[in-house]
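# Inside the fold
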Amino acid sequence: QVQLVESGGGSVQPGGSLRLSCAASGRIFDINTSAWYRQAPGKQRELVASMTRGAGTMYADSLKGRFFIFRDNAKNTVYLQMNSLKPEDTAVYYCNLNAAVSRGIPYGDYWGQGTQVTVSS
């Protein structure tokens, strides 16, 4: 019903930048929140950043000032701009949408397939 395709991951040196993209397609009636999560090896998945319908944003405390979430509603795409990357940012990054596919249908969580980000010298 809702497909999320992520792109933009890769390898970068410490201090570098990457921009992740998450393009949503399929039957989408309304998006409540858009978010990025990440999961490092051996660790639990954690919230990186989220954006509400009204464009309010929230970030993990450790990432404030380095990571920025924004979206292009016309393209149904949400982005994560990552600056001043550190080795500890290495993880698989996942896009998440809390959305409804039709009026009257409960909102559900949809996930992308994940994109690897590796920060290493």
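Placed above this text is the structure.
The structure presented is a predicted model; accordingly, all values stated were derived computationally and were not measured.

Basis of the calculations
- Residues numbered from 1 in each chain as written.
- Predicted model: local features only at pLDDT ≥ 70, side-chain atom pairs only at ≥ 80, totals over all residues.
- Heavy atoms only, no water.
- Pairing = 2+ DSSP bridges.
- Helix = DSSP H or I, 4+ residues; strand = E, 2+ residues; numbered from the N terminus.
- Axes fitted to C-alpha atoms, helices over the stretch in contact; angles between N-to-C directions.
- Salt bridge = Lys/Arg side-chain N within 4 Å of Asp/Glu carboxyl O.
- Buried < 20%, exposed > 50% of the residue type's maximum accessible area, 1.4 Å probe, protein only.
- Polar contact = N/O pair within 3.5 Å; in protein donor to acceptor, adjacent residues only side chain to side chain.
- Contact = heavy atoms within 4.5 Å.

Turning our attention to the sheet that holds strand E3 (residues 18-26). Read across the open sheet, the four strands follow the order E1-E3-E8-E7; overall the sheet is antiparallel. At either end of the open sheet lies a strand with only one pairing partner, and these are strand E1 (2-7) and strand E7 (67-72). Averaged over all neighbouring strand pairs, the angle between strand axes comes to 20°, with direction disregarded. Here six bridges tie E1 to E3, and the two strands are oriented antiparallel to one another. Following the sheet pairing, Val-2 is matched in E3 by Gly-26.

What the rule picks out here adds up to five salt bridges. One salt bridge connects Asp-30 with Arg-53, and the closest N-O pair in it is separated by 2.7 Å. Taken as a pair, Asp-30 in strand E4 (residues 30-39) and Arg-53 in the loop between strand E5 (46-52) and strand E6 (57-59) lie far apart in primary sequence, 23 residues in all. Using a relative accessible area of 19% as the deciding quantity, one classes Asp-30 as buried. In this structure, the salt-bridge partner of Asp-61 is Lys-64, at a minimum N-O distance of 3.3 Å. We classify Lys-64 as exposed; its relative accessible area is 52%.

You can see Arg-38 is positioned in strand E4. Within the structure, the side chain of Arg-38 is placed 2.7 Å from the side chain of Glu-46, a separation counted as a polar contact. Here Tyr-93 takes part through its side chain, which lies 3.0 Å from a polar atom of the side chain of Arg-38. When neighbours within four sequence positions are excluded, Arg-38 is seen to be in contact with Gln-44, Arg-45, Glu-46, Val-48, Leu-63, Phe-67, Glu-88, Asp-89, Ala-91, Val-92 and Tyr-93.

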